[in-house]
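A structural walkthrough
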Amino acid sequence: MRFHTRKWIKPEDLNPNGTLFGGRLLEWIDEEAALYTIVQLENRFIVTKLITEIDFKSSARQGDIIEIGIEATKFGRSSLTMRCEVRNMMTRETIITIEKIVMVNLDKDGKANPHNKTKVEFVGDRLNN
């Protein structure tokens, strides 16, 4: 799994317990999954279809730096399925895991659209072809 994004936990990210608010973390994960999908499918018209069981394993506190990791697990006809792990960058302790996030590729009318992708592509590889 590649960890592309880092976030610094600031006071506005905390819940009343003084730990990272889960809703804020899920917002960051959804955004990261969307960005990953846009890059992979080369289309900015995508939506989140499904996020399965969310397993909070530990928490983060103000000042912690976390990393969000995304890994493609399946290319469907018009979808991309990924898994996610968020961890503390310094301790490597897992904060959350999500086994399945499904994003759907859309056409300009908002309908599911085949993307014809079958594997992970890196932008550098596209530029060299």
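Computed from a predicted structure; not experimentally measured. (Residues numbered from 1 in each chain as written. Predicted model: local features only at pLDDT ≥ 70, side-chain atom pairs only at ≥ 80, totals over all residues. Heavy atoms only, no water.)

What follows concerns the pairing of strand β4 (residues 65-75). For a regular strand, the rule is simple: side chains alternate between the two faces of the sheet. As paired elements, strand β1 (residues 2-8) and β4 share six bridges and run antiparallel to each other. Looking at the pairing, Thr5 lines up with Ile68 of β4. Bridging between β4 and strand β5 (residues 79-88) involves nine bridges; their strand directions are antiparallel. For Ala72, the partnering residue across the bridge sits in β5 and is Met82. Between β4 and the antiparallel strand that follows it, β5, lie three residues. (Pairing = 2+ DSSP bridges. Helix = DSSP H or I, 4+ residues; strand = E, 2+ residues; numbered from the N terminus.)

Here we come to unusual backbone geometry. Even without being glycine, Glu42 reaches a positive phi, approximately 55°. Looking at the element boundaries, Glu42 is found in the loop between α1 (22-41) and β2 (46-51). The residue Asn116 is not glycine, and still its phi comes out positive at about 60°. Within the secondary structure layout, Asn116 lies in the loop between β6 (94-105) and α2 (123-128). Residue classification places Asn116 among the exposed residues on the basis of a relative accessible area of 73%. (Buried < 20%, exposed > 50% of the residue type's maximum accessible area, 1.4 Å probe, protein only.)

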